[in-house]
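# Structural description and commentary
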Amino acid sequence: MEHPENSKEYIGLQVNAGVCEQLTVNPYLHSFRKKRTKLFTPDEYVSGILDGDVSMLGQAVTLVESTLPEHQEIAQAVIEKCLPYAGRSVRIGISGVPGAGKSTSIDVFGIHLLERYGGKLAVLAIDPSSEKTKGSILGDKTRMEKLSVHPKSFIRPSPTAGSLGGVARKTRETIILCEAAGYDRVIVETVGVGQSETACHSMVDFFLLIQLAGTGDELQGIKRGIMEIADGIAINKADGSNVDKCELAAGHFRNALRLFPKPESGVMPKVVCYSGFYDLNVDKVIDMIENYIDAVKDSGYFQYRRNEQSKYWMYESINEHLRNGFFFSQNIKDMLPDMENKVLGGEVTSFVAAKRLLDTYYNELTNRQPH
């Protein structure tokens, strides 16, 4: 349609044609896309890890976390070759409710450990995955300002990706790779999911529970199952006018711990107060951890716990392998939608549908066997 402004009576006015609609996608996007990292052989990964190459370690951890069969094959070979060099670190698990200051505390704990004992420190920060999008922010590293730039530290955020127990699916294998790379202290930060921390407890030597003042009295402490597996409790944010509240809370937790049976280690959990943000009394937390490690090493419980953990994770690996084999089966993939519809339609019960699927899978395994 002709603009009226272009008529002769408006000769001093010029109307431009306008700008064409712009593309919503950058046409140069393909040139910015990151190229896929080249895959190395297992021996090359192991050589880089043993030499302390952080880049190679990070790539190996990515392979371990991958679900692609070709990646898993390489990852398993790398883990087996790294096993003889693993097991020489002190593993510390840290948990607590969201907002308790876990990431900030780890930043301070790590610096104190490196300054006091030297060596190298690895932090495996587990970030919760969204149930809707399956994505994770992986932003815990931003809270560890000092450790993230320390030359002797390695921080690896990982998503839970649906795993329960507050840790990622491949955290234990990642610990093995970090130990082989020479990290003599490994800190595992859980997502802070409350009472489902048994998975983290089963892969660390010391399990620290970070609490806040005003979160409950002695009875509340008894009800929390996570306190039964804690090797020590640290009450954070004991600074300023909050010091008295933290000391009162510490007394409540000590009273609650006396009602629990004596732990297998024979070392009663201690309760200390500190402030991670202001770096106050952090040495008390470090001393509590180191005194516990020394005590269990002298009693032999340290090695006993490591052996029990290895047995536990053998069974966990069997369960995961069987579960993956079942759901990756093409026959099962083909049957699942039909079985789901029959269950939803009331044609069969959930138990009958499960049995039919399992029978199909077992028959498939039987037919694979050579006659």
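Residues numbered from 1 in each chain as written. Predicted model: local features only at pLDDT ≥ 70, side-chain atom pairs only at ≥ 80, totals over all residues. Heavy atoms only, no water.

### What about the overall build of the protein chain?
Across its full length, the protein chain holds 13 helices and seven strands. Sorting the 371 residues of the protein chain into buried and exposed places 42% on the buried side. For the protein chain, the share of sequence-separated contacts (at least 6 apart) that also reach a separation of at least 24 residues comes to 73%. (Helix = DSSP H or I, 4+ residues; strand = E, 2+ residues; numbered from the N terminus. Buried < 20%, exposed > 50% of the residue type's maximum accessible area, 1.4 Å probe, protein only. Contact = heavy atoms within 4.5 Å.)

### What about the pattern of salt bridges?
Counted under the stated rule, the structure contains twelve salt bridges. As a salt-bridge pair, R116 and D283 come within 3.4 Å of each other at their nearest N and O atoms. Placement of R116 in helix α5 (residues 102-117) and of D283 in helix α10 (residues 282-299) is noted, with a sequence separation of 167 residues between them. Judged by relative accessible area, R116 falls into the partly exposed class, the value being 35%. Judged by its relative accessible area of 39%, D283 falls in the partly exposed class. (Salt bridge = Lys/Arg side-chain N within 4 Å of Asp/Glu carboxyl O.)

### Overview of helix α12 (residues 330-344)
Taking 1.5 Å per residue as the helical rise, α12 with its 15 residues ought to reach 21 Å, and the 22 Å between its terminal C-alpha atoms agrees with that figure. L336 marks the point of greatest bend in α12, at about 35 degrees, and the proline P337 comes within the next four residues. (Expected span 1.5 Å × (residues − 1). Bend = angle between axes of the 7 residues up to and from the residue.)

### With respect to the side chain of R156
As for its placement among the helices and strands, R156 is situated in strand β3 (residues 153-159). Within the local environment of R156, its side chain forms a polar contact with the backbone oxygen of G58, the two atoms lying 3.3 Å apart. If we ignore the near neighbours within four places in the chain, the residues touching R156 are G58, V61, T62, E65, V123, L124 and A125. (Polar contact = N/O pair within 3.5 Å; in protein donor to acceptor, adjacent residues only side chain to side chain.)

### Thoughts on the nonpolar core
Membership of the largest hydrophobic core comes to 49 residues, with the highest contact counts inside it found for I49, L57, V78, C82, L177, M227 and I235. Ignoring sequence-local partners within four residues, the contact set of I49 consists of M56, L57, A60, V78, C82, L177, A180 and A181. L147, V272, I286 and M288 belong to the second largest nonpolar core, which has 35 residues in total. (Core = buried A, V, L, I, M, F, W, Y, C linked by side-chain atoms within 4.5 Å.)

### Details of unusual backbone geometry
One non-glycine residue with positive phi stands out, namely K237, at about 65 degrees. Here K237 is to be found in the loop between β6 (232-235) and α9 (243-258). Given the relative accessible area of 37%, K237 is considered partly exposed. Within the chain, D279 stands out as a residue other than glycine whose phi angle is a positive 55 degrees. Mapped onto the secondary structure, D279 falls in the loop between β7 (270-273) and α10. We classify D279 as partly exposed; its relative accessible area is 36%.

### Brief notes about the packing of aromatic side chains
In this description, an aromatic ring pair is defined by two values, namely the gap between the centres and the angle between the planes. Applying the stated criterion across every chain, the model contains ten aromatic pairs. Taking 5.3 Å as the distance between ring centres and 85 degrees as the angle between the ring planes, the aromatic pair formed by Y312 and W313 counts as edge-to-face. Plain terms: the ring middles of Y361 and Y362 are 6.4 Å apart, the flat faces sit at 45 degrees to each other, and that makes the pair tilted. With relative accessibility at 9%, the residue Y361 sits in the buried group. Chaining the aromatic ring pairs together yields one cluster made of F326, F327, Y361 and Y362. (Phe/Tyr/Trp six-rings, centres within 6.5 Å; stacked < 30°, edge-to-face > 60°.)

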